[in-house]
Amino acid sequence: MDLEQVIKQSQGERYVYPDIFPDNCGLDIVLPNDKLHAVRSWGYRENNPRRRATLKVSTFRGISFNAVHYYGKIEIQGVNMEVDGEPGHSRMVFDDNIPLAHYTYELELKRPLSKEEISEDPERWGDYYNEGDLTSCFNTIEDIIVLAKEVFRLRFIGDWEFYVESPYSRYDGKLDINNQPTGYK
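Residues numbered from 1 in each chain as written. Predicted model: local features only at pLDDT ≥ 70, side-chain atom pairs only at ≥ 80, totals over all residues. Heavy atoms only, no water.

Things to note about unusual backbone geometry
Outside of glycine, negative phi angles account for most residues, and trans bonds account for most peptide bonds.
Phase 1 of the analysis: For Lys-35, which is not a glycine, the phi torsion comes out positive at approximately 55°.
Phase 2 of the analysis: Relative to the helices and strands, Lys-35 is located in the loop between β3 (30-31) and β4 (36-40).
Phase 3 of the analysis: By relative accessible area, Lys-35 is classed as exposed at 55%. (Helix = DSSP H or I, 4+ residues; strand = E, 2+ residues; numbered from the N terminus. Buried < 20%, exposed > 50% of the residue type's maximum accessible area, 1.4 Å probe, protein only.)

Considerations on the sheet that holds strand β1 (residues 10-12)
Phase 1 of the analysis: Across the sheet, which stays open at both edges, the six strands sit in the order β1-β9-β6-β5-β13-β14 with mixed pairing between neighbours. Every interior strand has two partners, whereas the edge strands, β1 and β14 (173-174), have only one.
Phase 2 of the analysis: Sheet analysis places β1 next to strand β9 (residues 104-109), joined by three bridges and oriented antiparallel. In the strand pairing of β9, Gln-11 is matched with Glu-108. (Pairing = 2+ DSSP bridges.)

Thoughts on the sheet that holds strand β7 (residues 79-83)
Phase 1 of the analysis: Read across the sheet, four strands follow the order β3-β4-β7-β8 without closing on themselves; strand pairing throughout is antiparallel. Two strands close off the open sheet at either side, each with one partner strand: β3 and β8 (90-91).
Phase 2 of the analysis: Strand direction decides the pairing type here: β4 and β7, joined by five bridges, are antiparallel. Within the sheet, the bridge partner assigned to Ala-38 lies in β7 and is Met-81.

Section: a negative patch on the surface
Phase 1 of the analysis: Residues Glu-116, Glu-120, Asp-121, Glu-123 and Glu-131 make up a contiguous surface patch of negative charge.
Phase 2 of the analysis: Summarising the element assignment, Glu-131 is placed in the loop between α3 (122-126) and β11 (134-135). (Patch = residues over 30% accessible without salt bridge, like charges linked within 9 Å, V, L, I, M, F, W, Y side chains within 5 Å. Areas by Shrake-Rupley, 256 points an atom, 1.4 Å probe, with all protein chains shown as cover. Salt bridge = Lys/Arg side-chain N within 4 Å of Asp/Glu carboxyl O. Lys, Arg positive; Asp, Glu negative; His and termini not counted. Charge placed at Lys NZ, Arg CZ, Asp CG, Glu CD.)

Considering the pairing of β7
Phase 1 of the analysis: The element β7 is extensively covered by neighbouring structure, given that five of its five residues are classed as buried.
Phase 2 of the analysis: Burial along β7 is two-sided: Val-79, Met-81 and Val-83 and Asn-80 and Glu-82, pointing in opposite directions, are all buried.
Phase 3 of the analysis: Bridge count for β7 against β8 is two bridges, and the pairing is antiparallel. Following the sheet pairing, Glu-82 is matched in β8 by Ser-90.
Phase 4 of the analysis: In sequence, β7 turns back onto β8 through a hairpin of six residues, with Gly-85 there showing a positive phi of about 80°.

Things to note about a nonpolar patch on the surface
Phase 1 of the analysis: Taken together, the side chains of Met-92, Phe-94 and Tyr-103 make up a nonpolar region of the molecular surface, amounting to roughly 400 Å² of accessible area.
Phase 2 of the analysis: Structurally, the position occupied by Phe-94 is in the loop between β8 and β9.
Phase 3 of the analysis: By relative accessible area, which is 71% here, Phe-94 ends up exposed.

So, the packing of aromatic side chains
Phase 1 of the analysis: All told, the structure shown has twelve aromatic pairs when counted by the stated rule.
Phase 2 of the analysis: Ring geometry for Tyr-70 against Tyr-168: centres 6.4 Å apart, planes inclined by 70°, an arrangement best described as edge-to-face. Of this pair, Tyr-70 sits in strand β6 (residues 70-77) while Tyr-168 sits in the loop between β13 (160-165) and β14; the two residues are 98 residues apart in sequence, bridging distant segments of the chain.
Phase 3 of the analysis: For the ring pair Phe-156 and Phe-162, a centre distance of 5.5 Å and an interplane angle of 80° mean the geometry is edge-to-face.
Phase 4 of the analysis: According to the relative accessible area criterion, Phe-156 is buried, its value standing at 6%.
Phase 5 of the analysis: Residue Phe-162 is classed as buried on the basis of its relative accessible area, which comes to 9%.
Phase 6 of the analysis: Members of the aromatic cluster, connected to one another through ring pairs, are Tyr-15, Tyr-17, Phe-21, Tyr-105, Phe-152, Phe-156, Trp-160 and Phe-162.
Phase 7 of the analysis: Above the ring of Trp-125, the side-chain terminus of Arg-124 is found at 4.4 Å from the ring centroid. (Phe/Tyr/Trp six-rings, centres within 6.5 Å; stacked < 30°, edge-to-face > 60°. Lys NZ or Arg CZ within 6 Å of the ring centre and 35° of its normal.)

Digging into the environment of Tyr-17
Phase 1 of the analysis: Secondary-structure assignment places Tyr-17 in the loop between β1 and β2 (21-22).
Phase 2 of the analysis: Judged by its relative accessible area of 10%, Tyr-17 falls in the buried class.
Phase 3 of the analysis: When the C-alpha atoms of Tyr-17 and Glu-106 are compared, they prove to be 9.2 Å apart, with 89 residues separating the residues in sequence.
Phase 4 of the analysis: Setting aside chain neighbours within four positions, we find Tyr-17 in contact with Gly-12, Pro-99, Leu-100, Thr-104, Tyr-105, Glu-106, Leu-107 and Arg-155. (Contact = heavy atoms within 4.5 Å.)

Dropping the structure here:
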């Protein structure tokens with residue numbers, strides 16, 4: 001999978017984000033009219049220097065009748081906007097034109113539909129979707145993790161740590177993009 005395809009399959013739900021997320025993205029934001037500048041939202045302690053992106057997996061299986069799919073989004077630690085001259089005094093920014101000034105960023109994961117999948121369930125897909133259209137419905141958690149690893153490899157640069165949070169504890173933990181998440185069975 002190349003960067004262009006990964007970007008298509010991992011878009012912001014509300015905002016347009018950069019193609020690549022360096023570990024310092026958003027920290028260069030200065031809003032002089034509001035007397036604000038960006039600071040790390042992920043802690044000020046020496047023992048917490050790395051920025052975190054978390055794959056959050058959800059499902060309605062077991063909750064909703066006939067639910068069979070899983071959903072994935074990547075939640076990225078954003079920045080705090082600190083008041084100039086007042087360390088520790090932060091303020092929220094609600095400006096849709098500056099998406100990197102927010103406390104968190106979210107990427108929704110999607111996959112292309114296959115022709116076979118559409119023909120197997122025409123009631124669900126047939127009249128609305130074509131082969132290759134993107135859907136946020138995944139058949140397995142493993143499919144989401146595979147895509148998330150590609151997103152992490154191609155869209156994140158620098159010193160990041162990656163985690164998985166899911167409804168099933170066996171998938172939770174630190175995600176090594178070259179291997180399986182810690183505790184993965």
